[in-house]
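Architecture and fold: a report
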Amino acid sequence: MCGIIGFIGKDKAKESLYDGLKSMEYRGYDSAGMAINTGHGIEVRKQIGGVEELAAIIEDSDFDGNVGIGHIRWATHGVPSTPNAHPHQSQNKEIAIVHNGIIENYIEIKEWLIKEHNIEFLSETDSEVIAQLIGIFYEGDLLKAVNKAVEQMRGAYAIAVMANSEPDKLIAVRKDAPLIVGLGESNNFIASDIPAVLKHTRDIYLIENNETVLLKENEVKIFDGEGKEVSREIFHVTWDASAAEKGGYEHFMIKEIMEQPHAIAETLNQRINEDGEVSLDGINLSEEDINNINKIYIVACGTAYHAGLTGKYLIEKFVKIPVEVDIASEFRYREPLVDDKTLFIAISQSGETLDTLEALREAKRQGARILSVVNVVGSSVARDSDDVFYTWAGPEISVASTKAYTTQLVCMYLIALYMATKKKSISKEERARIISELQSVPAKLESLLENVDHIKALADKYYERESVFFIGRGLDVGASYEASLKLKEISYINSMAIAAGELKHGSIALVEDGTLIFTLASQDKLFEKTLSNIEEVKARGAEVIGVTKDTNLVIEKKADQVIYVPAATDEVMPLITVVPMQLFAYYVAKNRGTNVDQPKNLAKSVTVE
Ligand code: M6R
């Protein structure tokens, strides 16, 4: 849940390390640090706060050199504090390391280091044991010492290591945490994520699990788990580096909301061929494979889980195979009924969410076929899957997921239509109707996003509320969950989503005079029933904002306020209704003065349990 960066080359390290950390701030932001070999040995600077705060303590020109490592932290073991910030050093200051992940057996290692080697620990972190272990094993060959230390470590980690006595090399290791190498001209990089090096190079090595990398100014060697050198093809990044910058917007979140028409069109159009058929690159499920499947699990976390709720509806409707949607952290610890007739669909923007990854691995062990819907190319979830379907949303930086969600939804439609076609459970006409409706969504969202004044005005009116409800029926249930999560995670308002028909079974007790309730009513076939739910809560004093198609004017008679969205067929409405809810959350958070892109206690990539 942190970001690591390393640089070695003919140029100076500080600027590249700083740029890299800046572009990875979404991975953590409670403390940051750097270690540079200044020519007088390794010097470490670190402190609480994000990269801006770090900038203030690394300004002086003396603090620079040709090799260095950097870190941005999201605390797991130990509070955010200067001693707990990375880099960590060995007791003799020979070794400095940065680490992303968790060392599960750190207590055991720590006790051993204290008892056998009299090591005095300076932090409460699990990470410090890595520096101390390597320090103990170091006898002038950094690669050897790292390999020895790694043998002792259990858990998930990406680490970058430097040694005082070997300023011509950097070592990095990957186990269950993302790691890439950036290849420049006599300047090489190691990082947790591609945007961290894009300012300097587009040529990347994607590092595999259990691999170790040796970086020098003009050389990069990759070794597998057995220490054998392996070759790797260069992955050339084609997307624009500016996609990972704010481009004139105040926050990444609003930029990413505005990018949705384009992201949806990208995800969709490349998968519909000239004959109007769904053709899915990366998915090799044959007719026979699909006919063999008798059960589907969709497993994910947070926003991606909400995309799964819609996926269930679509797959069951079009493919006629039972689908269970599960929260990944639950799936992995219960005893799900998985076998070789099970299709397991993992959804993950980052492709690094540990809960999702471990659930996937569990399903794989039990014989399921694994299909993943992922945004980050080459991520762990993608690599561990049999079939991978990329969302093509481009880099999503804001912690609050927006364009990744709507593109995940697009993938759910496409997977459902693809499987239904192979299974012959959908007619050509029905498939053409849904595809044409899907293709109309980007233009509809363009028009919605051109006029956000009404939503801004609602945010101005209601931003001081401390509790908000979201209700809906059918496909509006998943959208309500997502709307509620969006609002709570960035505005810190206590919000709750519930199926409208379920309200009366308990939660309606919370409704009183002035309770704000968003009622999502985009499903024509359930519209009357949802209007009754509005009456039900209004009778208890609630203030209702209805969200519906711009053809359903009758809602004005019931709701206090209405957000109209462009009408489409019921099935594709989740792609449209959620967008004003993202905007409402954004403007409320802005009015409340929260850190929109980096909300408290959260990080973009959750690589811990
Ligand atoms: O990278 P993933 O899609 O696997 O992440 C899953 C969740 O952590 C993520 O969707 C989270 O809920 C977002 N902050 C929601 O905006």
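Structural data are supplied above this passage.
Here we summarise the structure given alongside this text. (Residues numbered from 1 in each chain as written. Predicted model: local features only at pLDDT ≥ 70, side-chain atom pairs only at ≥ 80, totals over all residues. Heavy atoms only, no water.)

**Overview of the pattern of salt bridges**
This structure, assessed with the given rule, holds 38 salt bridges. Residues Lys 549 and Asp 524 are paired through a salt bridge, measuring 3.0 Å at the closest nitrogen-oxygen approach. Placement of the pair is Lys 549 in strand E24 (residues 543-549) and Asp 524 in the loop between strand E23 (516-521) and helix H17 (527-538), with a sequence separation of 25 residues. Asp 524 sits in the partly exposed class, given a relative accessible area of 41%. A salt bridge links Asp 560 to Lys 538, with the shortest nitrogen-to-oxygen separation between them at 2.8 Å. With Asp 560 in the loop between E24 and strand E25 (561-565) and Lys 538 in helix H17, the pair connects residues that are 22 residues apart, well separated along the chain. What you see here is one network of salt bridges that share partners, running through Lys 175, Asp 176, Glu 358, Arg 361 and Asp 384. (Salt bridge = Lys/Arg side-chain N within 4 Å of Asp/Glu carboxyl O. Helix = DSSP H or I, 4+ residues; strand = E, 2+ residues; numbered from the N terminus. Buried < 20%, exposed > 50% of the residue type's maximum accessible area, 1.4 Å probe, protein only.)

**Some thoughts on the pairing of strand E12 (residues 211-216)**
Regular strands have side chains that alternate between both faces of the sheet. Burial runs high along E12: five of the six residues are buried. Relative to strand E13 (residues 219-223), E12 runs antiparallel, the two sharing five bridges. When the bridges of E13 are listed, Leu 214 appears paired with Lys 221. Between the end of E12 and the start of E13, which pair antiparallel, lie two residues. (Pairing = 2+ DSSP bridges.)

**Thoughts on the nonpolar core**
By size, the foremost hydrophobic cluster in this structure holds 89 residues, and its most contacted members are Ile 296, Ile 345, Ile 415, Met 419, Phe 518 and Leu 583. Counting residues per element, this core draws most heavily on helix H13 (residues 403-423), at 13 residues. Inspection of this core shows a minimum of three residues originating in each of domain 2 (248-449) and domain 3 (453-592). Filtering out sequence-adjacent residues up to four positions away, Ile 415 remains in contact with Leu 280, Ile 283, Ile 345, Leu 371, Val 373 and Phe 389. Grouped together as the second largest cluster of nonpolar side chains are 30 residues, Tyr 106, Leu 113, Tyr 157 and Phe 223 included. (Core = buried A, V, L, I, M, F, W, Y, C linked by side-chain atoms within 4.5 Å. Domains from an automatic or database assignment. Contact = heavy atoms within 4.5 Å.)

**Quick word on the site of the ligand**
The full set close to the ligand counts 14 residues, and Ser 348, Gln 349, Ser 350, Thr 353 and Glu 489 are the nearest of them. In the environment of the ligand, an oxygen atom lies 2.6 Å from a nitrogen or oxygen atom belonging to the backbone of Gln 349. In the environment of the ligand, an oxygen atom lies 2.6 Å from a nitrogen or oxygen atom belonging to the side chain of Ser 350. Within the complex, the protein chains bury 89% of what would otherwise be the 420 Å² of accessible surface of the ligand. (Near = heavy atom within 4 Å. Polar contact = N/O pair within 3.5 Å; in protein donor to acceptor, adjacent residues only side chain to side chain. Areas by Shrake-Rupley, 256 points an atom, 1.4 Å probe, with all protein chains shown as cover.)

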